[in-house]
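One letter stands for each residue in the lines below.
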Amino acid sequence: MEIIVGKDLFSKLQKFLNKYNKKSIYIITDENVAKIHLKSLISYLSTFHVRVYVLKPGEKSKSLDIVEDIYEDLIENKYDRSTTILSLGGGVVGDISGFVASTYLRGVDYIQIPTTLLAQVDSSIGGKVGLDFGKYKNMIGSFYFPIANFIDVKLLNTLDKRELTSGLGEIIKYGIIKDYDFLKYVTKNTRRIYDCDEDVLLNIVKKSVSIKSQVVNKDERDLGIRRILNFGHTIGHGIESLFGFNTYNHGEAVILGMMYETYISKEMGLIDDEYFNEIIINLINLMPNKPNIETGDSSLSRIINIISHDKKNVDGNIVFVLPVGRGEVEIFDDIDIGLIKNSLKGDWL
Ligand SMILES: NC(=O)c1ccc[n+]([C@@H]2O[C@H](COP(=O)([O-])OP(=O)(O)OC[C@H]3O[C@@H](n4cnc5c(N)ncnc54)[C@H](O)[C@@H]3O)[C@@H](O)[C@H]2O)c1
Ligand SMILES: [Zn+2]
């Protein structure tokens, strides 16, 4: 698999398709991305047989109904084993395209062109593809790698601020779990990232892709070290779910999760006050509004209940990834529930 990070990559994609003699292309995208980037992409594909499937934007499209509809469209239009599926969009488009590619005719080639910061640094890397099932997120899926991933930072210019924040959550996570110097670089350059400074974006996307790839390559099936990528996600998923997936986007929920989990780490004496303050200040600066998790017993119990049922737990124990030093984390499964509740009450914020 090739991962190419750069600018203006559509002509490179065209060369790639020619080199591998790919003639039949099936693009999956969503309405927002189609409006902005589809015309330009198609202008590079004039010598190929191309069909486009456009999803409604948003998480609701990651469903079996939509997958069925795509299968039908592929069959009716006689797309066979030689088909290459091109995913042009954020994580939703990427996850569903990859799932279709992994299952249609027992698997056809697919290529990712991620268009959100989150998709570029996270969801397009690592081979996880899948769907939501009813209210259960990412419940159906598989591991399936694209034959190439064209990560073009110029496509990010049209993202709104909250989508950039979402990606930044995961990027800061990489610094905290693996690379303190990178954390420093990212927090120093936050303004430039929001301004879509191409050089800074190139640096941070390259580094993030490299950190995630290194971790994933050691543990493709998510049974060991890959779990450190879940820093911020234990409480983050609890918050996403508590608010019904429509108050905070994924990266924002992870930012909040990292704040609460860093507090747990400090209270356990795993990190010093200076590092704790550094992380919290940088994270809080990304969130326009202070988190408003109700501190009443019922919502605290609800969130603990959600966290207790997380599919990442092992033998019924809640698994946490906690900072233990600068650029370093460890996995714990014996955290005191009282401490989790104290953290969530947030009166320390
Ligand atoms: N497979 C994985 O390993 C993995 C990892 C993390 C997240 N995910 C999944 O990713 C999804 C979230 O991805 P996301 O945050 O990219 O959300 P998304 O795909 O819903 O995109 C967010 C919004 O941005 C719009 N958009 C996309 N590109 C744009 C562009 N260039 N300019 C303007 N608007 C643009 C989309 O239309 C959408 O409205 C979730 O379903 C999550 O489960 C998967
Ligand atoms: Zn995440």
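Our subject is the structure listed above.
Residues numbered from 1 in each chain as written. Chains lettered and ligands numbered in written order. Predicted model: local features only at pLDDT ≥ 70, side-chain atom pairs only at ≥ 80, totals over all residues. Heavy atoms only, no water.

1. So, the pattern of salt bridges
Proximity of charged atoms lets side chains of opposite charge pair with each other.
In step 1: Going through the model one piece at a time under the given rule, you end up with 17 salt bridges.
In step 2: The closest approach of N and O atoms between R51 and D73, which form a salt bridge, is 2.9 Å. Within this pair, whereas R51 is found in strand β3 (residues 49-55), its partner D73 is found in helix α3 (residues 64-76), the two being separated by 22 residues in sequence.
In step 3: Residue R51 is classed as partly exposed on the basis of its relative accessible area, which comes to 31%. (Salt bridge = Lys/Arg side-chain N within 4 Å of Asp/Glu carboxyl O. Helix = DSSP H or I, 4+ residues; strand = E, 2+ residues; numbered from the N terminus. Buried < 20%, exposed > 50% of the residue type's maximum accessible area, 1.4 Å probe, protein only.)

2. Regarding the coordination of the zinc ion (ligand 2)
In step 1: The zinc ion (ligand 2) binds to the protein through E170 (OE), H233 (NE2) and H250 (NE2); the donor distances cover 2.0 to 2.1 Å.
In step 2: We note that the donor set of the zinc ion (ligand 2) lies within a single chain, spaced as E-x62-H-x16-H. With E170 in helix α6 (residues 161-178) and H250 in helix α11 (residues 250-267), this pair connects stretches of sequence that are 80 residues apart.
In step 3: Its relative accessible area of 0% is what places E170 among the buried residues. (Donors = N, O, S within 2.8 Å, 3.2 Å for Na, K, Ca; no water.)

3. With respect to the nonpolar core
In step 1: If you look at the biggest cluster of nonpolar residues, it comprises 70 residues, and the most contacted ones within it are L117, V205, I235 and I340.
In step 2: Residues from two domains meet in this core; each of domain 1 (2-158) and domain 2 (161-345) gives at least three.
In step 3: Sequence-distant contacts of I235, that is, excluding residues within four places in its chain, are made with G257, Y260, E261, I264, I307, F320, I340 and L344.
In step 4: Among the nonpolar cores identified, the runner-up in size contains 21 residues, and L38, L88, I111 and F150 belong to it. (Core = buried A, V, L, I, M, F, W, Y, C linked by side-chain atoms within 4.5 Å. Domains from an automatic or database assignment. Contact = heavy atoms within 4.5 Å.)

4. Re the side chain of S102
In step 1: Position of S102 relative to the elements: it lies in helix α4 (residues 91-103).
In step 2: Judged by relative accessible area, which is 13%, S102 ranks as buried.
In step 3: A polar contact is formed between the side chain of S102 and the side chain of S142, at a distance of 3.3 Å.
In step 4: Sequence-distant contacts of S102, that is, excluding residues within four places in its chain, are made with G107, V129, S142 and Y144. (Polar contact = N/O pair within 3.5 Å; in protein donor to acceptor, adjacent residues only side chain to side chain.)

Read these as geometric descriptors, not functional statements.
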